[in-house]
Amino acid sequence: MSDLLRPASASDLVEQAASLLAALRAAPPLTHCITNSVVTGFTANVLLAVGTAPAMVDIVGESGVFAGIASGLLVNLGTPTPEQRAASLEAVAGATASGTPWVLDPVAIGALPVRTALAHSLAELRPTAIRGNASEILALAGLSGGGRGVDATDSTDAAIDAARSLAVRFGSVVAVSGPVDLITDGERAFRLDNGHELLTRVTGGGCALGAVMAAFLGAARANGNAPLIAVAAASLVYTIAAERAAEVSTGPGGFAVALLDALAAVQPADISSAARVEAGAL
Amino acid sequence: MSDLLRPASASDLVEQAASLLAALRAAPPLTHCITNSVVTGFTANVLLAVGTAPAMVDIVGESGVFAGIASGLLVNLGTPTPEQRAASLEAVAGATASGTPWVLDPVAIGALPVRTALAHSLAELRPTAIRGNASEILALAGLSGGGRGVDATDSTDAAIDAARSLAVRFGSVVAVSGPVDLITDGERAFRLDNGHELLTRVTGGGCALGAVMAAFLGAARANGNAPLIAVAAASLVYTIAAERAAEVSTGPGGFAVALLDALAAVQPADISSAARVEAGAL
Amino acid sequence: MSDLLRPASASDLVEQAASLLAALRAAPPLTHCITNSVVTGFTANVLLAVGTAPAMVDIVGESGVFAGIASGLLVNLGTPTPEQRAASLEAVAGATASGTPWVLDPVAIGALPVRTALAHSLAELRPTAIRGNASEILALAGLSGGGRGVDATDSTDAAIDAARSLAVRFGSVVAVSGPVDLITDGERAFRLDNGHELLTRVTGGGCALGAVMAAFLGAARANGNAPLIAVAAASLVYTIAAERAAEVSTGPGGFAVALLDALAAVQPADISSAARVEAGAL
């Protein structure tokens, strides 16, 4: 374990995740998403299921205003049309001006030049959080050429240094999604072992998690929790729901449906028994 | 009850809703949708389930031609890209020229400037029907600043005057969606108590209803029913199917699937026993 | 039966379909889709379910590069925005330069002028395969004005001459989808009787098949199978899964979910018992 990655308490995370989920349902944060055309519907349904209010406002002339009203913002680069690219920059400016926390999801950067350039520009604007698979995090840190389309070709552990580097450089919480999820603010880190392989067999399994992080960051801002906790709590709630959904599914179609039901059903009290978290043990 | 809102017969509505559903299935109207990127797939699936033929034609150079061929048109402003804004105006011109009935759904107008301006311009073109939640109807009538993103912050009853005002001004049937649905042509009104809270937990729950209204308006035009009846019949069929879907669902994921199955299964003969309608009793 | 349509062995197809499905799962082809906004999510889920890696890269500046990396490409004209039109031409140039097989799906051409012109331009670039319903194939061959929106108004048999003509002219495998599927390279032909009517009650039922064809063409290129076999194998696997899904469904909502599960569950060994194929018997 690196010196920079000082232990943080797993039980703190579990406790705050439960209170954040309760807070989010008591006062649903308005979650602004600029996301790719493949997963817009699924992402909105995930946000509704978990208990927040989604709004997909991704045009120039509206996204900046709305980012100022919203509780949290997701900028996902999966299908970055010219309109969405301009709207993303406008939204981040609006979020920055009003202090709205925002998440950057640099989908499939590396080999694809337009989104790669945009991801680097957006990172310089200091996202509250950055979420990606290991290949995307390595590519954003300039340490590899990215994965194969949207799939990671690198392991979570291979991206630890890249995650820390991005976190320190941009003041962001960095989440590396994979069979194990790593979440760090550059000093402290959580390692989450919850989740299920079926999440990789449903389009938007990762993208929707980025939106849930934006929602939890909104609730955390209102509630006084650290961004590191908010991002890890979002991952915890999402992956615990995924495990429950997998228990009642026989394939990827049924799993996607069951995931929405499980996200709606999961309760703050369920988290402590289901969480498999290590703190600082990189 | 206002003088303008003279009683209309609830049993007439129930009877004509049944015959319209039968007519629609016997000769599926081609339903042209320009709708937002979040709900395109769900909307098309709702239209297929209820028994009509959907077509999402939303580009410049095609939408005007197609609106002339189609039986009904929906213009939904949920994610109004520049291309969709131009295509909407082209489509409405085509619909107007050929007498194709059309529905305006002014999603989330109020705080968002681009769509708000477009909604006002489109309203001046005299939609056959306008569908929105209470906050959207109030905003379109100039009586409030709109809701919170896509969510209503006002009750259906608070929007009665706005609905009547829009109906009279633009010659439109106005439908205010909510826990109770109000549908009026400015003189007569229906109040529908069918539906289920889970419709608000699925993205596109309201947007798809606008598309079903366009389909029923198409069938009504061929069949000689009044637009007021067509819009109320669409709401009735949709919300009755939602109640049946809720009976077999344990969460929002399963509900969305069950809604499609229920829309395909509901029969004209089912309507009279399930309908909870008041006529003119505002 | 025409002289041009010489018999080909149905048992060869069944055997190679099984080996192609196994090959595709052992080394998932990266499948590049430029497709319409209605079906992007469903198409990606179908590709994930069958065992391939989807990537929806549809912007200018990226689609050409990506078509060179991908194993197969789909160009579907369902909602052809200006950006997608330019990205399609760029992608086809990239695919052509690198030998990536590609599928053209000329959705709803005929009455709609923008996509019709684009479809003719793309056909001249010699797609590896062309997939459409009978009305679309007739319209692309210049033999009719197309169907009614996305619905065919012509039977598969009525499109035999058009299919052969396109195949010979552009060197393409042509697949006519319908209650019976016809697949021909202009000399040999297969006629598949698998499938289910519920595929027409789910949006993207046909569009997603075009994507599966692109995936199988990618696997076939790596494996040494003919494009005719790849396209027919994709249809076979897809329609056999549809039959299994229909057995456990009570409506179109449940069917779409069950189709994904069935696509994930179907095994190479299942094909021979379920296939209903005639070779050359037009």
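Just above, that's the structure.
This write-up is about the structure you can find in this document. (Residues numbered from 1 in each chain as written. Chains lettered and ligands numbered in written order. Predicted model: local features only at pLDDT ≥ 70, side-chain atom pairs only at ≥ 80, totals over all residues. Heavy atoms only, no water.)

Examining the side chain of N76(B)
Residue and element names in this part refer to chain B.
Now for step 1: Here N76 lies in strand 3 (residues 72-76).
Now for step 2: N76 sits in the buried class, given a relative accessible area of 1%.
Now for step 3: Within the structure, the side chain of N76 is placed 2.9 Å from the backbone nitrogen of G78, a separation counted as a polar contact.
Now for step 4: Look past the residues within four positions of N76 in its chain and what remains in contact with it is I34, T35, N36, D105, V107 and C207. (Helix = DSSP H or I, 4+ residues; strand = E, 2+ residues; numbered from the N terminus. Buried < 20%, exposed > 50% of the residue type's maximum accessible area, 1.4 Å probe, protein only. Polar contact = N/O pair within 3.5 Å; in protein donor to acceptor, adjacent residues only side chain to side chain. Contact = heavy atoms within 4.5 Å.)

What about the sheet that holds strand 3 (residues 72-76) of chain C?
Residue and element names in this part refer to chain C.
Now for step 1: With respect to topology, nine strands assemble into an open sheet ordered 2-1-3-4-5-6-7-8-9, the strand pairing being mixed. In this open sheet, the two strands that pair with only one neighbour each are strand 2 (53-55) and strand 9 (277-279). Within this sheet the neighbouring strands show an average axis-to-axis angle of 20°, counted without direction.
Now for step 2: Pairing of strand 1 (residues 30-34) with strand 2 involves three bridges; the strand directions are parallel. The residue of strand 2 that forms the bridge with T31 is P54. (Pairing = 2+ DSSP bridges. Axes fitted to C-alpha atoms, helices over the stretch in contact; angles between N-to-C directions.)

Notes on the packing of helix 10 (residues 252-265) of chain A against helix 10 (residues 252-265) of chain B
Now for step 1: In the contact formed by helix 10 of chain A and helix 10 of chain B, the axes pass within 6 Å of each other and the chain directions differ by 135°. Taken as axis vectors, helix 10 of chain A and helix 10 of chain B run oblique relative to one another. Contacts from V257(A), L260(A), D261(A) and A264(A) of helix 10 of chain A reach helix 10 of chain B at P252(B), G253(B), G254(B) and V257(B).
Now for step 2: Its residues assigned to classes, the contact of helix 10 of chain A with helix 10 of chain B comprises five nonpolar, two polar and one charged. (Parallel < 35°, antiparallel > 145°, perpendicular 65-115°, else oblique. Nonpolar A, V, L, I, M, F, W, Y, C, P; charged D, E, K, R; others polar.)

A short note on the environment of P29(A)
Now for step 1: Looking at where P29(A) falls in the secondary structure, it is placed in the loop between helix 1 (10-26) and strand 1 (30-34).
Now for step 2: Sequence spacing of P29(A) and A70(A) is 41 residues, and the spatial spacing of their C-alpha atoms is 7.5 Å.

Overview of the pairing of strand 4 (residues 102-105) of chain C
Residues and elements named next belong to chain C.
Now for step 1: Residue alternation in strand 4 divides its side chains into two sets, W102 and L104 and V103 and D105, and both sets are buried.
Now for step 2: Of the strand pairs in this sheet, strand 3 and strand 4 are connected by four bridges, and their pairing is parallel. Looking across to strand 4, one finds that L73 is bridged to W102.
Now for step 3: Between the parallel pair strand 3 and strand 4, the chain is carried across by helix 4 (residues 82-98), and the sense of this crossover is right-handed.
Now for step 4: Here strand 4 pairs with strand 5 (residues 129-133) via two bridges, running parallel. Among the inter-strand pairings, L104 is bridged to a residue of strand 5, identified as I130.
Now for step 5: Traced from strand 4 through helix 5 (residues 113-124) to strand 5, the parallel crossover comes out right-handed. (Right-handed = clockwise from strand over helix to strand, strands pointing away.)

Digging into the interface of chain A and chain B
Now for step 1: Counting residues at the interface gives 26 residues for chain A and 27 residues for chain B.
Now for step 2: Summing both partners gives a buried area of about 1900 Å² for chain A against chain B, and 61% of it is carried by carbon and sulfur.
Now for step 3: R115(B) is paired through a salt bridge with E62(A); the nearest N and O atoms lie 2.6 Å apart.
Now for step 4: The interface formed by chain A and chain B holds eight residue pairs in polar contact (both at pLDDT 80 or more) in total.
Now for step 5: Of all the elements, helix 2 (residues 40-50) of chain A adds the most residues to the side of chain A that touches chain B, at six residues.
Now for step 6: Along the lines of polarity and charge, the residues of the side of chain A that touches chain B split into 18 nonpolar, four polar and four charged. (Buried area = accessible area lost by both parts, 1.4 Å probe. Salt bridge = Lys/Arg side-chain N within 4 Å of Asp/Glu carboxyl O.)

Overview of the interface of chain C and chain B
Now for step 1: Between chain C and chain B, the contact holds 27 residues from the first and 26 residues from the second.
Now for step 2: With both sides pooled, the region where chain C packs onto chain B buries about 1900 Å², and carbon together with sulfur makes up 61% of that total.
Now for step 3: Our count for the chain C to chain B interface comes out at one salt bridge.
Now for step 4: Joining chain C to chain B, the criterion identifies eight residue pairs in polar contact (both at pLDDT 80 or more).
Now for step 5: Of all elements in the fold, only helix 4, helix 5 and helix 10 (252-265) of chain C reach the threshold of two or more residues within the side of chain C that touches chain B.
Now for step 6: The element contributing the most residues to the side of chain C that touches chain B is helix 10 of chain C, with four residues.
Now for step 7: Looking at the side of chain C that touches chain B residue by residue, the classes come out as 11 nonpolar, 11 polar and five charged.

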